[in-house]
Structures are given as C-alpha cells and as structure tokens.
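Remarks on the overall topology
So the chains spell out like this:
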Amino acid sequence: MYSSRKYKRAKYCLDIISLILVALVLACAIFIVININKHIKFLPFVFLFGALLNIFSGIRDILSEKKAIGITLCVLSLIFIVAFVIAAITFW
C-alpha cells in the first residue's frame, strides 16, 4: 500500500531508532550483570527502553499493514511502562 519515498524514509528512521534502543537496553543489562549492587539503578531504564522499543516496533508494524501485531506491541509497552514506574519508585 505504501510505496512512497516518505514511507521508506520513515521506516528507515524507525529502524535506526530501534537499533539505538536495543543497544541501550543491552548496555544497561550488561552494567547490571557486571555489578548488580552498584548498577541496580539502571533496571528501570531497561523497562523504559523496552517500552519505547515496543512502541516504535508497533508503529512500524502498523505502517506495514500488520495492525494486529502493532497494536499488541503498543499495548504490551504499557506493561513495560508500569514496570518502569514500579522499578523507579522502588530503586530511587
């Protein structure tokens, strides 16, 4: 359905943002594993970046006409946001 240059550019930007968010989640997880007592404050960020990753992946799927998967990912990101809030309150 979408074959315009604008759509391809938007999809490319969403892919780049997704890669950056995956790198951030991985970096936070590695910091937590290296020294859990010192870096446990990074745990809320893992949930936040995971939620953002799901939102951007959901938007990309909605644009690619996979609306059910995209909506499911966006709803799943709400669970990650709740986990972020709970973890942020607990660790700070």
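Structure: above.
Conventions used here
- Residues numbered from 1 in each chain as written.
- Predicted model: local features only at pLDDT ≥ 70, side-chain atom pairs only at ≥ 80, totals over all residues.
- Heavy atoms only, no water.
- Helix = DSSP H or I, 4+ residues; strand = E, 2+ residues; numbered from the N terminus.
- Expected span 1.5 Å × (residues − 1).
- Buried < 20%, exposed > 50% of the residue type's maximum accessible area, 1.4 Å probe, protein only.
- Contact = heavy atoms within 4.5 Å.
- Salt bridge = Lys/Arg side-chain N within 4 Å of Asp/Glu carboxyl O.

For helix α3 (residues 43-63), with 21 residues, the first-to-last C-alpha span of 31 Å sits near the 30 Å given by 1.5 Å per residue. All buried positions along α3 are accounted for by P44, V46, F49, G50, A51, L53, N54, S57, G58 and D61. On the buried face of α3, the contacting elements are α1 (5-34) and α4 (67-91). Of the residues flanking the end of α3, it is E65, one or two places downstream, whose phi is positive at about 65 degrees.

Now for the pattern of salt bridges. In this structure the tally under the stated criterion is one salt bridge. A salt bridge links D15 to R60; its shortest N-O distance comes to 3.1 Å. Of the two residues, D15 is situated in helix α1 and R60 in helix α3; the sequence distance between them amounts to 45 residues.

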